[in-house]
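Working through the structure, step by step
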Amino acid sequence: MREALKSGISENPELQNITPEIKPVTAHFGRALDLGERGPMFAMAQALRPVHRKLARVYGYDKLSKSLARKYAYCDFFGPNGLVASDKLVLGFVLFAPNTTYPQHAHHEIEESYISIGCAWSESNNAVYAPGYLILNRSNHEHRITTGEVDPCLLAYAWTGPSERLATPGMKLSRTRRSGRRAAI
Ligand SMILES: [Fe+2]
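The shown structure was predicted, so the numbers you read here are calculated from the model rather than taken from an experiment. (Residues numbered from 1 in each chain as written. Predicted model: local features only at pLDDT ≥ 70, side-chain atom pairs only at ≥ 80, totals over all residues. Heavy atoms only, no water.)

Focus on the nonpolar core
Among the nonpolar cores identified, the biggest contains 39 residues, and Y72, F96, Y102, Y114, W121, L154 and L155 are the most heavily contacted of them. If you list the elements that add at least two residues to this core, you get α2 (29-37), α3 (42-48), α4 (66-71), β1 (72-79), β3 (90-96), β5 (111-116) and β10 (153-160). Among the elements that line this core, the one with the most residues is β10, at 6 residues. Excluding residues that lie within four positions of it along the chain, Y102 makes contacts with Y61, L68, Y72, F96, R144, I145, M171 and L173. V84, L89, L91 and A158 belong to the second-largest nonpolar core, a separate cluster that totals 6 residues. (Core = buried A, V, L, I, M, F, W, Y, C linked by side-chain atoms within 4.5 Å. Buried < 20%, exposed > 50% of the residue type's maximum accessible area, 1.4 Å probe, protein only. Helix = DSSP H or I, 4+ residues; strand = E, 2+ residues; numbered from the N terminus. Contact = heavy atoms within 4.5 Å.)

Overview of the confidence of the model for the chain
Mean pLDDT over the chain stands at 89; residues scoring 70 or higher make up 94%. Scored below 50 in pLDDT, residues 176-185 shows 27 contacts in the model against residues more than four places distant or in partner chains. (pLDDT = per-residue confidence, 0-100.)

Things to note about α2
Within α2 the residues assigned to the buried category are F29, A32, L33, L35 and G36. Relative to the axis of α2, the buried residues are bounded by an arc of 160° and lie together on one face. On its buried face, α2 is in contact with α3, β3 and β10. (Arc of directions from axis to C-beta.)

Regarding the state of the cysteines
All told, the structure shown has 1 disulfide when counted by the stated rule. A sulfur-sulfur separation of 2.1 Å characterises the disulfide bridge that pairs C119 with C153. Within this pair, whereas C119 is found in the loop between β5 and β6 (121-123), its partner C153 is found in strand β10, the two being separated by 34 residues in sequence. Among the residues examined, C153 registers a relative accessible area of 0% and is labelled buried. Distance from the sulfur of C75, which forms no disulfide, to the nearest cysteine sulfur (C153) is 14 Å. We classify C75 as buried; its relative accessible area is 4%. (Disulfide = S-S within 2.5 Å.)

Dropping the structure here:
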C-alpha cells in the first residue's frame, strides 16, 4: 500500500471536481469525529473535521435497501473516483450509523484494509476491534461489519488491486448473511 501511495503521489495527481453530497448518515459525522479525537486516531479525526462537509458521500451500489441507505455512506478521497485522482490505490472513509450491520460481501481482486477512527466495531462477529486496530481482508474474503448500539462508526479504508478493478469494483452484496459463497464482484 505504501508503494502504491508513493507511486500515486509521485505522479502529481490532479484534483477532481466532485460535488459534495450529503447522505442521511452524515448526521452522525460530528459525533464520530468527537469520538475519534478522544482516541489513538485523534490526528486523523482532527485532520478530517475541517473538510468533512466537502466530501461526496456515495453508496457504491445500483440497488440498495432503504434501511441501509439511511445507515451508511462512504467517500473516496484518493483513487480513480476520488477527490485526488489516482489509479494506484483507493483511500477513503466510510461512516456507519449506530446499530448497523453492513451485509456480507467480498471484493474480487481487491485487498481491503480498515482502521477505525473512533469506534469499536465487529467484523463477521469474530471479535470487537478497538479504534486504531487494523483489519486486512484479502481478495474474495467474505466479511460483514456490525457497529455498536450507541455510537456511529467511522472507518478509514484502503484498497489495492488492478487499476481497472479499482476504477469499477462492481460492488454487490452477497445473498446470504452468514454462509454466502457467492463472492461479490
Ligand atoms: Fe469490505
